[in-house]
Amino acid sequence: MCTSAPDADACLSVRHYFADYEVYDGGQRVAWGQVATHVDDKATPADTIVAGLRDDAARQHGVARGAIRLRCVCRL
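If you're wondering where the values come from, they're calculated on a predicted model, not measured in any experiment.

The strand order across the open sheet formed by three strands is E2-E1-E3, and the pairing between neighbours is antiparallel. Unpaired on one side and paired on the other, strand E2 (28–39) and strand E3 (68–75) mark the two borders of the sheet. The average undirected angle you get between the axes of adjacent strands in this sheet is 15°. Where strand E1 (residues 15–25) and E2 come together, eleven bridges link them in antiparallel fashion. Each residue of the ladder has a partner; that of Phe18, found in E2, is Ala36.

Here you go:
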């Protein structure tokens, strides 16, 4: 078994991301949750991925993007 072999999906351009987040209102945490997304292009900048995750989380709770605090972002 070779441990230096590339990942099985290394040739694919789809990347999956998961984030854990909190929702703030008036300086107080009012909710929390998780969100996942995928990106079709390996060259997508990190700030674009983070913005997309925050947008998705904000949409789920009906709040502005600025109310979302991402606690952890992981590439799956």
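All right, on to helix H1 (residues 46–61) then. For H1, with 16 residues, the first-to-last C-alpha span of 23 Å sits near the 22 Å given by 1.5 Å per residue. Within the sequence span of H1, burial applies to Ile49, Ala51, Leu53, Ala57 and Ala58. Residues of H1 that are buried sit in contact with E1, E2 and E3. Immediately downstream of H1, the backbone of Gly62 shows phi near 65°, a positive value.

As a further point, take the pairing of E1. A loop of two residues connects E1 with E2, the two strands running antiparallel in sequence, and Gly26 in this loop sits at a positive phi of about 60°. When E1 meets E3, the two strands line up antiparallel, connected through seven bridges. When the bridges of E3 are listed, Val23 appears paired with Ile68.

Here we come to the nonpolar core. Ranked by internal contacts, the top residues of the largest apolar core, which has 13 residues, are Tyr17, Tyr21, Val23, Val35, Ile49, Leu53 and Ile68. At the level of elements, E1, E2 and H1 are the ones that each hand at least two residues to this core. Apart from residues no more than four positions distant in its own chain, Val23 is found in contact with Gln28, Arg29, Val30, Ala31, His61, Val63, Ala67 and Ile68.

Criteria and cut-off values
- Residues numbered from 1 in each chain as written.
- Predicted model: local features only at pLDDT ≥ 70, side-chain atom pairs only at ≥ 80, totals over all residues.
- Heavy atoms only, no water.
- Pairing = 2+ DSSP bridges.
- Helix = DSSP H or I, 4+ residues; strand = E, 2+ residues; numbered from the N terminus.
- Axes fitted to C-alpha atoms, helices over the stretch in contact; angles between N-to-C directions.
- Expected span 1.5 Å × (residues − 1).
- Buried < 20%, exposed > 50% of the residue type's maximum accessible area, 1.4 Å probe, protein only.
- Contact = heavy atoms within 4.5 Å.
- Core = buried A, V, L, I, M, F, W, Y, C linked by side-chain atoms within 4.5 Å.

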